[in-house]
Amino acid sequence: MASKPKLSTSQIVHPDKDPVLNEENPFDSMMSRFDRAAELLNLEPGIYKILRNPEKQITVSCPILMDNGEVEVFTGHRVLYNTSRGPGKGGIRFDIHVTLEEVTALAAWMTWKSAVVNIPFGGAKGGVVCDPLKMSMGELERLTRRYTVGIIQTLGPDSDVPAPDVNTNERVMAWVMDTYSMHVGHTVTAVVTGKPVEMGGSLGRREATGRGCTIVTTDALEHLGMHVSKSTIAVQGFGNVGSTAAKLLDEAGAKIVGIGDRDAAFHNAKGINVKQAIEYVKQHKSLKGFKGGDEISGADLLTLDVDVLLPAALENVITTKNAHGIRAKVVCEGANGPTSAAADSILDEKGIFVIPDILANAGGVTVSYFEWVQDRGGYFWDEKTVNERLIEIMRRSFADVLALSKSHKVNMRTAAYMLSMSRVASVHRLRGIYS
Ligand code: GLU
């Protein structure tokens, strides 16, 4: 583990500052939704047992020569939750609080997410326990390469395809792709997605998750008889997903009245200048000190009187401790697992329309799929085509989940789990049990 980890960034969680953070561990959160959907689907016991277990969990030690000449040993995980529908797909996160249990939950969510939008992937996730903001570029590169070699047996365009996640980016994906390619002896672009465009990345991938959130938020508001151009929005988390969603919703005419990250949150009833906020974060690495609104607490950001609340940071932000205070009409889950399972029923009772994470943030993996297809075909699309196809898939998936939620009289989350689990289950039935 890195020596003397000091946590100092908007991306990193401070459990001591956040008493509600660990209300549930993410795996329990995922599993309780899974169990409810399994019951409603009347899933047969065999399939139920298969789907509630991860296929493969790998933990590796990564010794790294640090810049100060000392050796540190970092722990990394990669979990393939289910690959019945296609290669494992899912990001790699670098975070001091990564655990195998969290990575397993995130890999399961990737399985359901790929199935909700009906793209031919399974679910996987990776995580390395480290504090990337305390590490130099060279240390991060060495760690990325060593971790890649540690999990190289699972990696490959047909077996396991990583992407960026919390605290990783195009740069990190370039190192993963290069390390893998060096080991197999030729360039394999399709082994990761979210790469730089110059080396086989897709146009539109960086904005895809935030764009997907914008598309389903627009559809949800329409479904509720409202219009995005007349809506007010609060965005929690101002990394790639939150800032892109804020920018696109702002461009669609919505008023972004609240934004916040780990270090600071702001309210401006007249509307925050999102472009200025993005520029500010580029320069200062966080919103701390931003002058575009009144500073409020992170807790108050979540309970602002808005039409849409868009949590776009980490797990367990909406819990039984604060769910009663949420005043938004729509919650669009840009993050993975931002609402604890125990808080679901509180939001339901309040009549809040929740667009669940496995649907709301699926724009990222959808354009990852486009990137993988483009890499394998060696033929690249323009950004307009990428965005049009993304809109098509997100809108169709939103409509599919909404229709199921109406026909089964369940909320959107349960409907999304039912839809995705039934798709995965059906493939297992068709493939049979090889034993
Ligand atoms: N990390 C993103 C997610 O949680 C993207 C995964 C991918 O594109 O494979 O959905």
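Thresholds, definitions, all that
Residues numbered from 1 in each chain as written. Predicted model: local features only at pLDDT ≥ 70, side-chain atom pairs only at ≥ 80, totals over all residues. Heavy atoms only, no water. Near = heavy atom within 4 Å. Polar contact = N/O pair within 3.5 Å; in protein donor to acceptor, adjacent residues only side chain to side chain. Areas by Shrake-Rupley, 256 points an atom, 1.4 Å probe, with all protein chains shown as cover. Helix = DSSP H or I, 4+ residues; strand = E, 2+ residues; numbered from the N terminus. Nonpolar A, V, L, I, M, F, W, Y, C, P; charged D, E, K, R; others polar. Pairing = 2+ DSSP bridges. Axes fitted to C-alpha atoms, helices over the stretch in contact; angles between N-to-C directions. Contact = heavy atoms within 4.5 Å.

A.B. asks: Describe the site of the ligand, naming the residues involved and giving the relevant values.
C.D. replies: Within the structure, the ligand sits among 14 residues, and K89, K113, P164, D165 and S368 are positioned closest to it. At 2.9 Å from a nitrogen atom of the ligand is found a main-chain nitrogen or oxygen belonging to P164. Alone, the ligand offers 300 Å² of accessible surface; in the complex the protein occludes 95% of this. Residue assignment for the shell around the ligand shows that the elements contributing at least two residues are β3 (88-94), α3 (100-116), β5 (160-164) and α12 (363-377). Class assignment of the residues belonging to the shell around the ligand gives a composition of four nonpolar, five polar and five charged.

A.B. asks: Can you explain the sheet that holds β3? Please cite residues and give values.
C.D. replies: Strand order in the open sheet made by the five strands is β1-β2-β4-β3-β5, with mixed pairing throughout. Of all the strands in the sheet, just β1 (56-65) and β5 have a single pairing partner and so form its edges. When strand polarity is set aside, the average angle formed by the axes of neighbouring strands in this sheet is 20°. As paired strands, strand β2 (residues 71-82) and strand β4 (residues 123-128) are joined by six bridges and run antiparallel to one another. Counterpart to H77 in the pairing with β4 is G127. Here helix α4 (residues 137-150) sits on the sheet and contacts β1, β2, β3 and β4; the angle it forms with β1, its principal contact strand, is near 145°.

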